[in-house]
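Remarks on the overall topology
Read off the chains here:
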Amino acid sequence: MTDLKSARLNTLLLKSLLGEEIGDIKFYLFSSRSKHKGRIFRPRALHANSGLLSESLPYLADLLKGKKSLADHAMFEFHGVDNYPWMTSHNEYGYEDDSDLDEAEETEEENTTKLQDVTLALDKLTCATSNENDEGVLDREPKQNRHIFIKDTAFRTWKSLLFYFYTGHIQFTFLKSTSPVRFQGDTSGIHVTPTCSAKSMYRLASKMGFEALQTKALDYIRFVLSDMNVVTELGSPLLARHPPVLNTVLDTLFRHIDSPLVRSALPKLFERIANGELCHGADILKALYEKILAKHYPQLNPVPPNLPMNSSNAGFLFNVKTTFPDNFKKTDSASPKKSK
């Protein structure tokens, strides 16, 4: 743990010993997914200290101090159960394959219990009033007892993020394509470091501009990629929105391009691309083609973008020089013949 993070943690511990409130902000995030019903649901709450968050990352400092626009509505402050989102769709969440969401089905009894829990929490804590302008900006300094809902990030991902801010430690789970048994439920308790998906954390860190955590997540993804799972990972929708992750996966693919596992799996991937099932399919093919040229034809000249193919630039495109036999006379078939 760095000296700065240690000092922050010690400050919070001292406040708790004195009975002072250290969790002055409460985040709510979805924790489960129902693929059968096509929605994300089951919000859970996490407490945090706004002072520590403001010192940890400029993105959060701007957000909590009212300088960050909430135009995307992914984060919003609420003050009652009337505008409390119990669920959302896969499309609105933005990452259907988020492995930090548990596979589950909700019940009416569960919804009733959750309503009672949220109502009790809002009654117990005095919510500060929000003064938002037309652009969705919170025009105020951080105050106690704030409730913020985050609709595009999983509970487990945000929990790991907060733990990282406090301690400097992050622990990633295996990729779904690597582990035969998928982790279910948040059963780590309070004695084990929280875990999350590296891809989910990369997505969140990218949104926040948190380069250090992006690097950690990307390094882990690179570490666990192999010929056993690289083709599967190429089908992840996350790659369409994050080119660095796509390039990392493609680098691994190219290193194992002659592997029997890759050779047997690639045709099925190409079929999915041809059927329009992957929105980043064209990016995969272009990048793979460029890597093949760079590896096997390094002497080729770079091709200007959108260069039209015609007889005048064909030699430039292929970096070849056309030669003809001495007794061969080149004629222009397109020119009209002169009448005798």
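Identification of the chain as BTB domain-containing protein from Scleroderma citrinum Foug A is taken from an unreviewed UniProt entry.

**Here we look at the packing of aromatic side chains**
A full pass over the atoms with the stated rule returns 7 aromatic pairs. Between Tyr 28 and Phe 149, the ring centres sit 6.4 Å apart and the planes meet at 10 degrees, which makes this aromatic pair stacked. Of this pair, Tyr 28 sits in strand β1 (residues 25-34) while Phe 149 sits in strand β6 (residues 146-154), and the two are 121 residues apart along the sequence. What makes Phe 149 buried here is its relative accessible area of 0%. Arranged with centres 5.8 Å apart and planes meeting at 20 degrees, the rings of Phe 165 and Phe 210 form a pair that is stacked. Taken as a pair, Phe 165 in helix α6 (residues 155-167) and Phe 210 in the loop between α7 (198-208) and α8 (211-224) lie far apart in primary sequence, 45 residues in all. By relative accessible area, Phe 165 is classed as buried at 1%. In this structure, Arg 203 is placed above the aromatic ring of Tyr 93, and the distance from its NZ or CZ to the ring centre is 5.5 Å.

**A short note on the pairing of β1**
Buried residues dominate β1, accounting for 10 of its 10 residues. Counting the residues that bridge the hairpin from β1 to strand β2 (residues 39-48) gives 4 residues, and of these Gly 38 lies at a positive phi of roughly 70 degrees. Here 6 bridges tie β1 to β6, and the two strands are oriented parallel to one another. Of the residues in β6, the one forming a bridge with Lys 26 is His 147.

**So, the nonpolar core**
In terms of nonpolar packing, the biggest core is built from 58 residues, with Leu 53, Trp 158, Phe 165 and Met 208 touching the most fellow members. If near-sequence neighbours (up to four positions away) are discounted, Met 208 is found in contact with Leu 57, Tyr 59, Leu 60, Met 75, Trp 158 and Leu 161. Membership of the second largest hydrophobic core comes to 11 residues, among which are Tyr 28, Phe 30, Ile 40 and Phe 78.

**What to know about the environment of Ser 50**
Assignment of secondary structure puts Ser 50 in helix α2 (residues 50-56). Note on Ser 50: relative accessible area 7%, which makes it buried. It is 9.4 Å that separates the C-alpha atoms of Ser 50 and Lys 26, two residues lying 24 residues apart in sequence.

**Remarks on the pattern of salt bridges**
Within the structure shown, the criterion is met by 10 salt bridges. Across the pair Asp 100 and Arg 156 runs a salt bridge whose closest N-O atoms are separated by 3.9 Å. Here Asp 100, found in the loop between α4 (90-93) and β5 (102-103), pairs with Arg 156, found in helix α6; they are 56 residues apart in sequence, far enough to count as distant. Looking at Arg 156, the relative accessible area reads 5%, which means it is buried. Here the residues in one salt-bridge network are Asp 100, Asp 102 and Arg 156, joined through shared partners.

Reading the values: rules and limits
Residues numbered from 1 in each chain as written. Predicted model: local features only at pLDDT ≥ 70, side-chain atom pairs only at ≥ 80, totals over all residues. Heavy atoms only, no water. Phe/Tyr/Trp six-rings, centres within 6.5 Å; stacked < 30°, edge-to-face > 60°. Helix = DSSP H or I, 4+ residues; strand = E, 2+ residues; numbered from the N terminus. Buried < 20%, exposed > 50% of the residue type's maximum accessible area, 1.4 Å probe, protein only. Lys NZ or Arg CZ within 6 Å of the ring centre and 35° of its normal. Pairing = 2+ DSSP bridges. Core = buried A, V, L, I, M, F, W, Y, C linked by side-chain atoms within 4.5 Å. Contact = heavy atoms within 4.5 Å. Salt bridge = Lys/Arg side-chain N within 4 Å of Asp/Glu carboxyl O.

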